[in-house]
Amino acid sequence: MTTAQTPELDVQSSPLALLLLGREADPKSERGVECPGDLPTPSDPDLVARARAAKEKLGDKVFVLGHHYQRDEVIQFADVTGDSFKLARDAAARPEAEYIVFCGVHFMAESADILTSADQKVVLPDLAAGCSMADMATAEQVAECWDVLTEAGVADQVVPVSYMNSSADIKAFTGRHGGTICTSSNAKRALDWAFEQGEKVLFLPDQHLGRNTAVRDMGMSLDDCVVYNPHKPNGGLTAEELRAAKMILWRGHCSVHGRFSLDSVNDVRERIPGVNVLVHPECRHEVVAAADYVGSTEYIIKALEAAPAGSKWAIGTELNLVRRLANRFAPEGKEIVFLDKTVCFCSTMNRIDLPHLVWALESLAEGNLVNRIEVDEETETFAKLALERMLALP
């Protein structure tokens, strides 16, 4: 038996490999860099004390925002909690805070920077905390889409409506083209407004929220909706299809809410007799159609607050929030479970952990500004215009 000799390989790390390891940054995407410095692990008992000490030292100079999907070890340090738009507005209402530490994801921090004053500085504890949905629509892709709509002769009939879960570039595109932003709470109001301005809507970047709002809340049919796929020539649509459609849905989705299926709903009903199924409108249309209740994150929280003791609920949204609500309402005898049997956290939201938060707060306390999120002036102008149109909705 002989052994073949294997030549020694000269393996070098590629830029992509370093990016995936969190050791490089891609300025054109929502991925970023690892937290520099020698940080302790989340289980280090000193972390909580260090976070408290740094936050106390900063005093009113810092305002910490915590999105509902953040892990408990982070949310305990939030001055306010909420969804992305509520938090951005809360930040704007605190002009005395020099630093806004946003425990969320990149597009949320951008929105906070757009809505706060020029003197305030928005910090994202980990630049790699992006959003897969927001990443599914780039400025270049959306500009190409508008060219396709122009060539089909329908661009002058189209009003863009962009979900809050989009980059500042997409919000700015929306503002430039006479459109508005929406949240999962006011999507119907935004679409009502848009159809008063034009005959068609380009809905970005979440196809499910757009479809569910149009069909479930506005009485349109599925045939009124087409899906524009940015990875196919002309979006995979003919000019005739674009002319016939009322809703042109961008082919994007939430990686968390998109995992729930009709099988998930049927299974939980079999396992838990009498269960109420409550899902977020970012879920697939068939899941929303089979659910008992549908609503935004704030709606989900309020529905459970108002639920009678002893009621049973299966929730189709991010697991951190579901688990927190289950613990909160357990003393009232409310049984709250995750809709899907397999665990699903939002992986990018969970990049904001206690070590990164401690590092950010301690750096600011020492006078070092880190991980600032700053939107350029032109983008901010048009993105703010789109946001202001939303704020003016009846």
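Residue numbers restart at each chain and count upward from 1, following the sequence in its written direction. Confidence filtering applies because this is a predicted model: local features only for residues at pLDDT of at least 70, side-chain atom pairs given and counted only at 80 or more, and all residues used for totals across whole chains, interfaces and linings. To obtain the side-chain values, all non-hydrogen atoms of the structure were used and water was disregarded.

(A) Main features of the overall build of the chain. Scanning the chain from N- to C-terminus turns up 17 helices and 14 strands. Taken over 394 residues, the chain has a buried fraction of 54%. Working rule for contacts: check all heavy atoms of both residues, and any pair within 4.5 Å makes them a contact. Taking contacts inside the chain between residues at least 6 apart in sequence as the whole, the part at least 24 apart equals 67%. Here the chain displays about 17800 Å² of accessible surface, and carbon together with sulfur accounts for 49% of that area. In DSSP terms, a helix is any run of H or I states spanning at least four residues, a strand is any run of E spanning at least two, and both are numbered starting from the N terminus. Working definition: with a 1.4 Å probe on protein chains only, accessible area under 20% of the residue-type maximum means buried, over 50% means exposed, and in between means partly exposed. Each accessible area is a Shrake-Rupley result for a 1.4 Å probe, and residues are judged covered by the shown protein chains and nothing else.

(B) Structural context of the sheet that holds strand E3 (residues 99–103). The pairing criterion for strands is at least two bridges between them, as found by DSSP. The five strands lie next to each other as E2-E1-E3-E4-E14, forming an open sheet whose pairing is mixed. Whereas interior strands pair on both sides, the edge strands pair on one side only; in this sheet they are strand E2 (80–82) and strand E14 (372–373). Taken together, the three bridges between strand E1 (residues 62–67) and E2 define a ladder with parallel strand orientation. Following the sheet pairing, Leu 65 is matched in E2 by Val 80. Strand contacts of helix H16 (residues 354–365): E1, E3 and strand E4 (121–123), with the helix running at about 175° to E3, the strand carrying the most contacts. Under this scheme, a helix contributes an axis fitted over its contacting stretch, all axes are lines through C-alpha atoms, and angles between N-to-C directions fall in the 0 to 180 degree range.

(C) Looking closely at the pairing of strand E12 (residues 312–316). Among the five residues that make up E12, four are buried, leaving the element largely enclosed by the rest of the structure. Looking at chain direction, E12 and strand E13 (residues 335–338) are connected through four bridges and run parallel. Pairing of Lys 312 across the sheet is with Glu 335, part of E13. Orienting the strands away from the viewer, one traces the path from the first strand over the helix to the second; a clockwise path indicates a right-handed crossover. Between E12 and its parallel partner E13, the chain crosses via helix H15 (residues 319–329), and the hand of that crossover is right-handed.

(D) Molecular detail of the environment of Leu 393. Among the secondary structure elements, Leu 393 is positioned in the segment after helix H17 (377–391). On the basis of relative accessible area, Leu 393 is assigned to the buried category, the value being 9%. Residues Leu 393 and Asp 192, spaced 201 residues apart in sequence, show a C-alpha to C-alpha distance of 9.6 Å. In contact with Leu 393, other than residues within four places in its own chain, are Asn 186, Arg 189, Ala 190 and Trp 193.

(E) Looking closely at the nonpolar core. Here, nonpolar core refers to any group of buried Ala, Val, Leu, Ile, Met, Phe, Trp, Tyr and Cys residues whose side-chain atoms link them within 4.5 Å. Val 101, Phe 203, Met 247, Val 279, Ile 336, Leu 339 and Leu 361 are the most contacted members of the largest nonpolar core, which totals 109 residues. The leading source of residues in this core is H16, at eight residues. Trp 146, Val 154, Ala 155 and Val 158 belong to the second largest nonpolar core, which has 21 residues in total.

(F) Structural detail: H15. Within the span of H15, buried status applies to Leu 319, Asn 320, Leu 321, Val 322, Leu 325, Ala 326 and Phe 329. Tucked into the core, H15 has its buried residues touching helix H14 (297–306), E12 and E13. N-capping of H15 is provided by Glu 318, with a side-chain oxygen placed 2.7 Å from the backbone N of Asn 320. Any pair of N or O atoms that falls within 3.5 Å is considered a polar contact. Within protein, one atom must be able to donate a hydrogen and the other to accept it, and sequence-neighbouring residues count only if both atoms are side-chain atoms.

(G) Examining the environment of Leu 58 more closely. Examined against the element boundaries, Leu 58 turns out to sit in helix H2 (residues 46–58). The buried category is assigned to Leu 58, whose relative accessible area is 5%. With residues near it in sequence (within four places) discarded, Leu 58 still touches Tyr 99, Leu 361, Leu 364 and Ala 365.

(H) Fine view of the state of the cysteines. Here, a disulfide means two cysteine sulfur atoms that sit within 2.5 Å of each other. Within this structure, the stated rule accounts for zero disulfides. Between Cys 131, a free cysteine, and Cys 346, which holds the nearest cysteine sulfur, the sulfur-to-sulfur gap is 6.8 Å. Cys 131 gets classed as buried once you look at its relative accessible area, which sits at 12%.

(I) View of a negative patch on the surface. Excluding any residue in a salt bridge, patches collect residues exceeding 30% relative accessible area, merging like charges within 9 Å and nonpolar Val, Leu, Ile, Met, Phe, Trp and Tyr side chains within 5 Å. Each reported salt bridge corresponds to a side-chain nitrogen of Lys or Arg within 4 Å of a carboxyl oxygen of Asp or Glu. Two residue types count as positive, namely Lys and Arg, and two as negative, namely Asp and Glu; His and chain ends fall outside the count. Every charge is mapped onto a representative atom, which is NZ of Lys, CZ of Arg, CG of Asp or CD of Glu. On the surface, Glu 140, Asp 169, Asp 376 and Glu 377 cluster together to form a negatively charged patch. One can find Asp 376 in the loop between E14 and H17. Owing to a relative accessible area of 43%, Asp 376 belongs among the partly exposed residues under this scheme.

(J) Focus on H2. Here the expected span of a helix is defined as 1.5 Å times the quantity of residues minus one. A rise of 1.5 Å per residue sets the reference length of H2, with its 13 residues, at 18 Å; its end C-alpha atoms lie 18 Å apart and thus fit the reference within 8%. Among the residues making up H2, those that are buried are Leu 47, Ala 51, Ala 54 and Leu 58. Angular distribution of buried residues about the axis of H2 spans 70°; they occupy a single face of the element. Structural note: H2 exposes Arg 52, Glu 56 and Lys 57 on the side pointing more than 90 degrees away from its buried face. In this fold, the buried residues of H2 make contact with E1, E3 and H16. Where H2 ends, the next residue or the one after it, Gly 59, has phi of about 60°, a positive value. The reported arc concerns the directions from the helix axis to the C-beta atoms and nothing else.

Interpretation note: all reported values are geometric properties and have no functional meaning in isolation.
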